[in-house]
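# Results of the structural survey
Here's the letter readout for the chains.
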Amino acid sequence: MRSIKFAALAIASVIFAALPANSLRAEVRVQGQAGNVRVEARDATVAEILAALSERFALRYRSATGSGNVTATFEGPLRRVVGRVLDGYNYIIETRGDVLEVVVLGAASSQAVPATVFAPPTYPAKHVRRTD
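Residues numbered from 1 in each chain as written. Predicted model: local features only at pLDDT ≥ 70, side-chain atom pairs only at ≥ 80, totals over all residues. Heavy atoms only, no water.

With that settled, consider the overall build of the protein chain. Helices and strands together make up the secondary structure of the protein chain, namely four helices and six strands. The helix and strand sequence of the protein chain, counted from the amino end, reads α-α-β-β-α-β-β-α-β-β. Counting the 132 residues in the protein chain, one finds 23% classified as buried. In the protein chain, the proportion of contacts linking residues at least 24 apart, taken out of those at least 6 apart, comes to 44%. Here the protein chain displays about 10100 Å² of accessible surface, and carbon together with sulfur accounts for 56% of that area. (Helix = DSSP H or I, 4+ residues; strand = E, 2+ residues; numbered from the N terminus. Buried < 20%, exposed > 50% of the residue type's maximum accessible area, 1.4 Å probe, protein only. Contact = heavy atoms within 4.5 Å. Areas by Shrake-Rupley, 256 points an atom, 1.4 Å probe, with all protein chains shown as cover.)

Pasting the structure below:
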């Protein structure tokens, strides 16, 4: 019986040690309605903040965020709060009915990337002249 308890304790300590240290102390509090939201984040990732918002409001997100931690308080309408949370990222916010859809494309770059230049399409001639 004692060896079973020891094995269970060993397994639990391995699982506990494998958890990232940041997730043990991260905290996100969401208050208010969609028109006036208050988010208090302490050592939380952007993904954790978005997850907390999606649990409380009609918000869906797809994320490509980094692992940086955020400690801040955000206040205002839901859309503005999401924009402030995603400061430093490239993202798209779209409203579909009552749902706010957020797609995080990745971290913003300090260097501008020029748009790809496409050649105008060419159309084959209807008649081909022979020059024999």
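What follows is about the sheet that holds strand β5 (residues 89-96). Overall, mixed pairing links the three strands, which are arranged β3-β6-β5 in an open sheet. Among the strands making up the open sheet, the edge pair consists of β3 (59-62) and β5. The sheet shows a mean angle of 20 degrees between the axes of neighbouring strands, direction not considered. Sheet analysis places β5 next to strand β6 (residues 99-107), joined by eight bridges and oriented antiparallel. Along β6, the bridge assignment pairs Tyr 89 with Ala 107. Set on the sheet, helix α3 (residues 46-56) makes contact with β3, β5 and β6; between it and β3 the angle comes to about 155 degrees. (Pairing = 2+ DSSP bridges. Axes fitted to C-alpha atoms, helices over the stretch in contact; angles between N-to-C directions.)

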